[in-house]
Amino acid sequence: MTSVTESKTRAPGRFLRLPEVIARTGLSRSTIYLRLDQGRFPSPVSLGGRAVGWIESEIDEWMRNRIAESRSDAG
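Residues numbered from 1 in each chain as written. Predicted model: local features only at pLDDT ≥ 70, side-chain atom pairs only at ≥ 80, totals over all residues. Heavy atoms only, no water.

A. Fine view of helix α2 (residues 18–25). What α2 keeps buried is the set Leu18, Val21 and Thr25. For α2, the buried positions fall inside an angular range of 60° around the axis, keeping them on one side. For α2, exposure combined with an orientation more than 90 degrees from the buried face picks out Pro19 and Ala23. (Buried < 20%, exposed > 50% of the residue type's maximum accessible area, 1.4 Å probe, protein only. Helix = DSSP H or I, 4+ residues; strand = E, 2+ residues; numbered from the N terminus. Arc of directions from axis to C-beta.)

B. Highlighting the side chain of Glu56. Tracing the chain through its elements places Glu56 in helix α4 (residues 56–74). By relative accessible area, which is 18% here, Glu56 ends up buried. In this structure, Glu56 is in contact with Gly13, Arg14, Leu16 and Arg24, ignoring residues within four places of it in sequence. (Contact = heavy atoms within 4.5 Å.)

C. Main features of the nonpolar core. If you look at the biggest cluster of nonpolar residues, it comprises 10 residues: Leu16, Leu18, Val21, Leu27, Ile32, Leu36, Phe41, Trp54, Ile59 and Trp62. Other than its neighbours up to four places away in sequence, Leu27 contacts Ile22, Ile32, Arg35, Phe41 and Trp62. (Core = buried A, V, L, I, M, F, W, Y, C linked by side-chain atoms within 4.5 Å.)

Put into structure tokens, the structure is as follows:
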């Protein structure tokens, strides 16, 4: 298991652009931005100009949390 210090100093992985976030999550563009406005989806990071990207590890964690919630609601 990694410590909090290790996870903060380790590289966050890579940036995912919107098409990959859509493909990974199965959510539409409008749903992603709606959930962003509601505070229910990881925020993107400015990559400069008009480009944004999501941190891969944050999207992965969001997906794991959705799975865990789904499994706990079913039981």
